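In case you want the letters, here they are:
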Amino acid sequence: MKSIVMLAILSVLAVTMALANDAMVKDIVVYKNPECGCCTKWVKYLQGKNYNVTIEHTRDVLAVKKRLGIPEKLAACHTAVIDGYVIEGHITHRDIKRLLLFRPEVKGIAVPGMPIGTPGMESGSKLESHNVMSFDEHGNTEVFAEH
Ligand SMILES: [Cu+2]
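Residues numbered from 1 in each chain as written. Predicted model: local features only at pLDDT ≥ 70, side-chain atom pairs only at ≥ 80, totals over all residues. Heavy atoms only, no water.

Caption draft 1: The coordination of the copper ion, seen in detail. Around the copper ion, the protein contributes the donor atoms C38 (SG), C77 (SG), H90 (NE2) and M114 (SD), at 2.1 to 2.3 Å from the metal centre. Taken together, the four donor atoms surrounding the copper ion define angles of 92 to 125° at the centre, an arrangement classified as tetrahedral. Summarised as a motif, the one-chain spacing of the donors to the copper ion is C-x38-C-x12-H-x23-M. Of the two residues, C38 is situated in helix α2 (residues 37-48) and M114 in the loop between β5 (108-110) and β6 (131-135); the sequence distance between them amounts to 76 residues. The exposure class of C38 is buried, given its relative accessible area of 16%. (Donors = N, O, S within 2.8 Å, 3.2 Å for Na, K, Ca; no water. Tetrahedral: all angles 85-135°; square planar, octahedral: opposite > 155°, others 65-115°. Helix = DSSP H or I, 4+ residues; strand = E, 2+ residues; numbered from the N terminus. Buried < 20%, exposed > 50% of the residue type's maximum accessible area, 1.4 Å probe, protein only.)

Rendered as structure tokens:
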């Protein structure tokens, strides 16, 4: 029994340490329309968290979303790729970290639409409650995180 408790403590420690350090991949490619203001704000937010952002401007973000297999109902403004995962919309750096840490068998995660209060969509201290969804290559979706 004791060893199970010890194991649990150790795994919590490992996760905490992994979340605390910056050893994870920080190179991210962001596909966005050059005119998209909230997309640019999200890029600045990531840069503020020490992400190394490569911006790919395109006037056909929908084509990119299609190519990357993002279900239509999960679409947002910008689309990003980091370490083999697709990041759709105004997602927090914490959720990106969690994704890269736990590496679920999904294509990526998405915040559909543009909820108020997400990074790049700030409006005072307001936060529209929303779910971060994960999706796989078959278009199956699941709740990844609730905010
Ligand atoms: Cu946006």
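Let's pick the thread back up.
Caption draft 2: Summary view of the nonpolar core. Within the largest apolar cluster, 22 residues are counted, with the highest numbers of intra-cluster contacts made by I28, W42, L46, I87 and I96. It is α2 that contributes the most residues to this core, four residues altogether. Setting aside residues up to four positions removed in sequence, I28 forms contacts with W42, L46, Y51, N52, V53, T54, A80, V81 and I82. If you look at the next biggest cluster of nonpolar residues, it comprises nine residues, including V64, A110, M133 and F135. (Core = buried A, V, L, I, M, F, W, Y, C linked by side-chain atoms within 4.5 Å. Contact = heavy atoms within 4.5 Å.)

Caption draft 3: Spatial organisation of the pairing of strand β4 (residues 85-88). Here β4 shows no split at all, with Y85 and I87 on one side and V86 and E88 on the other all buried. Sheet analysis places strand β3 (residues 79-82) next to β4, joined by four bridges and oriented antiparallel. By the bridge assignment, T79 is partnered in β4 with E88. Examined bridge by bridge, β4 and β5 share three bridges and lie parallel to one another. Bridging across to β5, V86 finds its partner in G108. (Pairing = 2+ DSSP bridges.)

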